[in-house]
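# Per-entry structural report
Chain by chain, the residues:
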Amino acid sequence: ICLITGMEVANASMYDGPTACAEAALMACRLKGRETVVMSEAVNPEYRMVTRTYLESAGLRYVEVAAKSGATDAFKMDFGQEAACFIAQYPNYFGTLENLNELCRKTHEKGALLVVVSEPISLGLLTPPGEFGADIVIGDAQPCGNSLSFGGPSAGYMACRKDYIRQLPGRLAGITQDNRGQRAFTLTLQTREQHIRRAKATSNICTNQALNALTMLVYLTSVGPEGLREIANISVQRAHYLCDHLSQIAAVNLPFANQPFFNEFVYETELPAEVLLQELKKEGILGGVDLAKAYPHLANCVLVAVTEMNSVEELDRYAQALKSILSNKSAGQSGKSANEKAEPVASAAQPQRRH
């Protein structure tokens, strides 16, 4: 984890990504002695909801920064000196790459810490957040060999700078020598309430997701640095391949076309996303995520994830199906009277993810 994030120390795992994010926010408040956490709107909605719940329960203040263009505008980011940290995602929920250099500079100018949520596979190709100056990096182990398992369980990871090690929640393993002079691993810092006085505990985490964390370790060790880079590169290439094909469809718009992206992107059509995704589902395609559920102003927008698990043939089929659906809907609408509207169809479509 330290190697891929560019950080100096990592703990023995968390429950999952969202709770790791919340724990990082609480950790920042302890470190800075401040009571406000600022978070980008472009962070995964589940991470934001969980973090907000944790903060409100602890009597702390939660503030969000808009990301109108699909990424946080560091030059318009303005929050007071009372903030303990700013939380950004890299790549963010819309798939675009945040300008971590500027976000880090603006955050540190305020005396706050930069917390970065990162997708681990992407770090096989992207510059690690630590090299931009991030203070805490967290994420979820699910993409690294863990099955989706109908939503869980998973494991969260957390890494930080060594200066902050005393406030890192959970457990930390260190290297020492046993009585035979051989290298041995041992738990060195256990700041959970089971081990120390509750008032001094950094977290009330009562267990970790050891099996899922071990799966992530085995996966990363098996593929190695070159393998991780290759997997990330395949995902990038295929995502851009699909994006290029969809952009050639007249009825498709790319609202965040000016932003660089990794393996996820957003497209928009004239149809409500729930209707479009239901039509794709009829073709045996799980087309993506309806962004209207978390971002009402993006009612006609779909978030698509492409990984090394998606073949080029599948991507071609997706593009062809989408073009056909939009053509048929357009032809159908032209035959309706001005007062007629298409009936919306409920959908629970989800993107295909790595497993």
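Residues numbered from 1 in each chain as written. Predicted model: local features only at pLDDT ≥ 70, side-chain atom pairs only at ≥ 80, totals over all residues. Heavy atoms only, no water.

## Some details on the side chain of Lys106
Here Lys106 lies in helix α4 (residues 100-109). Here Lys106 is buried and forms no salt bridge, its nearest opposite-charge partner Glu109 lying at an N-O distance of 4.9 Å. Discounting residues that sit within four places of it in the chain, Lys106 has contacts with Ala74, Phe75 and Met77. (Helix = DSSP H or I, 4+ residues; strand = E, 2+ residues; numbered from the N terminus. Buried < 20%, exposed > 50% of the residue type's maximum accessible area, 1.4 Å probe, protein only. Lys, Arg positive; Asp, Glu negative; His and termini not counted. Salt bridge = Lys/Arg side-chain N within 4 Å of Asp/Glu carboxyl O. Contact = heavy atoms within 4.5 Å.)

## A few points about the pattern of salt bridges
All told, the structure shown has nine salt bridges when counted by the stated rule. Between Arg48 and Glu64 there is a salt bridge, and its shortest N-O distance comes to 2.9 Å. Taken together, the positions of Arg48 in helix α3 (residues 45-57) and Glu64 in strand β3 (residues 61-65) put the pair 16 residues apart, joining distant regions of the chain. The class for Arg48 is buried, based on a relative accessible area of 10%. Under the relative-accessibility criterion, Glu64 is labelled partly exposed at 36%. Across the pair Glu56 and Arg52 runs a salt bridge whose closest N-O atoms are separated by 3.1 Å. Residue Glu56 and its partner Arg52 are located together in helix α3, separated by four residues, close to a single helical turn. Among the residues examined, Arg52 registers a relative accessible area of 42% and is labelled partly exposed. It is possible to trace a salt-bridge network through shared partners that takes in Glu102, Arg105 and Glu109.

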